[in-house]
Amino acid sequence: MTATADEEAARFHELLKAFEGRPAAIAGRAKDPVNEPMIRHWCEAMGDTSPAYTGPDAIAPPTMLQAWTMGGLSGHSDRSCAYDQLLALLDGAGCTSVVATDCEQEYLRPLRPGDAVTFDAVIESVSARKTTKLGTGHFVTTRMDVRANGEPAGTHRFRILKYRPAATTAQPARPLPPKQPARRPRPVINRDNHGFWEGVRAHRLLIQRCSSCATLRFPWLPGCNACASPEWGTVEASGAGTVFSYVVMHHPPFPAFDPPYAVALVELAEGVRMIGNITGVPYDKVRIGMPVRLEFLRVDEDLELPVFRGSEG
Ligand SMILES: [Zn+2]
């Protein structure tokens, strides 16, 4: 029976190989000529400060080759029907997933601002059936030939794997655990902020204070934003504050939360701001400038949170 399956795979591969050499894109034209703004943005994004990419003799970074040929959000109108047919054939064989695997570029001539970019792309190869960790399918390589003002400027090879996802191992059915009320998310406690949460456990709201310049900071950070000193101590907040800003959460609903509820940015009397729930007043009575007072809310058996109690009027 295996031979039959192998024969079938070989027959299917023959069908796919018939697409080799057929166009993937014909007479493509870049949406913009090579230009300084795109070069500048690229260099900023890449952190590339090479002087070759600025000034009157600037060239474009060679690795931008593909950037000039991209269709952008509105896409391309020059993709060939052969490429679409090839993908449809693979879809029909169950290879409905796709992943880009690698690309390879060759540079033949530098691109300069003002160059008009045109390109053609060809389906270069379709591999025999391969099994990878992702699943079984075929690698499809396209080669794009890029020209600047009609002269060859470079090639861009792009490879995808069109595959049938590997079956996930079935888990034996287990009885569902009895339904429990959803728990509030746990805070992420790390070495930079564990002192804050120790304070909460002791019902103390601790603010960091820089040992060097005395600037207060919240949330907790390893160093001072004002003077960069890593040395710090803490001061305990008095608990008095005012609502600096707030939002009322309606949607999306999260388990363990009961919308609508108010979430405020509270300015503490010490001057730093922190985010917390407002208790004691209905969500629609919370106002900017409202005085609030710190309290600790026991959420469940192992979580307490600082919240702020407002008072109307
Ligand atoms: Zn400081």
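Residues numbered from 1 in each chain as written. Predicted model: local features only at pLDDT ≥ 70, side-chain atom pairs only at ≥ 80, totals over all residues. Heavy atoms only, no water.

Here we take up the overall build of the chain. Within the chain, the regular secondary structure consists of five helices and 14 strands. The C-alpha atoms of the chain give a radius of gyration of 31 Å, which is well past the 20 Å a tight globule of 313 residues would have. A principal-axis box enclosing the C-alpha atoms of the chain has dimensions of 75 × 65 × 40 Å. Residues counted as buried form 35% of the 313 residues belonging to the chain. For the chain, restricting intrachain contacts to residue pairs at least 6 apart in sequence, the fraction spanning at least 24 positions comes to 64%. Summing over all exposed atoms, the chain offers an accessible surface of approximately 19000 Å²; the carbon and sulfur share of this is 56%. For the chain, the separation between the mean place of its 34 positive charges and that of its 35 negative charges on side chains is 4 Å. (Helix = DSSP H or I, 4+ residues; strand = E, 2+ residues; numbered from the N terminus. Rg over C-alpha atoms; globule rule 2.2 N^0.38 Å. Buried < 20%, exposed > 50% of the residue type's maximum accessible area, 1.4 Å probe, protein only. Contact = heavy atoms within 4.5 Å. Areas by Shrake-Rupley, 256 points an atom, 1.4 Å probe, with all protein chains shown as cover. Lys, Arg positive; Asp, Glu negative; His and termini not counted. Charge placed at Lys NZ, Arg CZ, Asp CG, Glu CD.)

Overall, mixed pairing links the five strands, which are arranged β10-β11-β12-β14-β13 in a closed barrel. Each strand of the sheet is rotated relative to its neighbour by a mean of 50°, with strand direction disregarded. Contacts from helix α5 (residues 194–201) reach β12 (273–279), β13 (291–300) and β14 (303–310) within the one sheet, and its direction differs from that of β14 by about 75°. (Pairing = 2+ DSSP bridges. Axes fitted to C-alpha atoms, helices over the stretch in contact; angles between N-to-C directions.)

Before going further, it helps to spend a moment on the nonpolar core. Residues Ile 39, Trp 68, Leu 86, Leu 111, Ile 123 and Val 140 are the most contacted members of the largest nonpolar core, which totals 33 residues. Elements that contribute at least two residues to this core include exactly α1 (2–17), β1 (23–29), α2 (36–46), α3 (65–69), α4 (81–92), β3 (117–126), β5 (135–148) and β6 (151–165). If near-sequence neighbours (up to four positions away) are discounted, Leu 111 is found in contact with Val 34, Ile 59, Ala 60, Leu 65, Trp 68, Val 117, Ala 148 and Ala 153. Among the nonpolar cores identified, the runner-up in size contains 26 residues, and Leu 206, Met 274, Val 286 and Phe 308 belong to it. (Core = buried A, V, L, I, M, F, W, Y, C linked by side-chain atoms within 4.5 Å.)

The next thing to look at is the coordination of the zinc ion. For a metal with four tetrahedral donors the ideal donor-metal-donor angle is 109.5 degrees, while six octahedral donors give ideal angles of 90 or 180 degrees. Protein ligation of the zinc ion involves Cys 210 (SG), Cys 213 (SG), Cys 224 (SG) and Cys 227 (SG), the donor distances falling in the range 2.2 to 2.4 Å. Coordination at the zinc ion comes from four donor atoms whose angles at the metal span 102 to 114°, giving a geometry best classed as tetrahedral. Counting along the primary sequence, the residues that act as donors to the zinc ion give the motif C-x2-C-x10-C-x2-C. With Cys 213 in the loop between β7 (206–210) and β8 (216–217) and Cys 227 in the loop between β8 and β9 (232–236), this pair connects stretches of sequence that are 14 residues apart. According to the relative accessible area criterion, Cys 227 is partly exposed, its value standing at 34%. (Donors = N, O, S within 2.8 Å, 3.2 Å for Na, K, Ca; no water. Tetrahedral: all angles 85-135°; square planar, octahedral: opposite > 155°, others 65-115°.)

On to the packing of aromatic side chains. Within the structure shown, the criterion is met by six aromatic pairs. Considering the side-chain rings of Phe 196 and Trp 197, the 5.1 Å spacing of their centres and the 85° angle between planes classify their relative orientation as edge-to-face. The exposure class of Phe 196 is buried, given its relative accessible area of 6%. Among the residues examined, Trp 197 registers a relative accessible area of 16% and is labelled buried. A centroid spacing of 5.2 Å and a plane angle of 70° characterise the contact between Trp 220 and Trp 232, whose relative ring orientation is edge-to-face. Linking Trp 220 in the loop between β8 and β9 with Trp 232 in strand β9, this pair joins segments that are twelve residues apart in sequence. A relative accessible area of 35% places Trp 232 in the partly exposed class. By way of ring pairs, the aromatic residues Phe 196, Trp 197, Phe 218, Trp 220 and Trp 232 are connected into one cluster. One cation-aromatic arrangement involves Arg 273 over Phe 244; the distance from NZ or CZ to the ring centre is 3.5 Å. (Phe/Tyr/Trp six-rings, centres within 6.5 Å; stacked < 30°, edge-to-face > 60°. Lys NZ or Arg CZ within 6 Å of the ring centre and 35° of its normal.)

One open sheet accounts for three strands, arranged β8-β7-β9; its pairing is antiparallel. For this open sheet the edge positions go to β8 and β9, each flanked by a neighbour on one side alone. Here β7 runs beside β8; their pairing, made up of two bridges, is antiparallel. Opposite Arg 209, over in β8, you have Leu 216 as the bridge partner.

Next up on the list: the pairing of β6. Regular strands show a simple pattern: their side chains alternate between the two faces of the sheet. Pairing of strand β2 (residues 97–107) with β6 involves ten bridges; the strand directions are antiparallel. Looking at β6, one finds that Glu 106 is bridged to Thr 155. Direction of pairing for β5 relative to β6: antiparallel, over a ladder of 14 bridges. Pairing of Arg 143 across the sheet is with Arg 157, part of β6.

Once that is clear, we can look at α2. Among the residues of α2, the N-terminal cap falls to Asn 35, whose side-chain oxygen and the backbone nitrogen of Met 38 are separated by 2.9 Å. Positive phi appears at Gly 47, one or two residues downstream of α2, with a value of about 70°. (Polar contact = N/O pair within 3.5 Å; in protein donor to acceptor, adjacent residues only side chain to side chain.)

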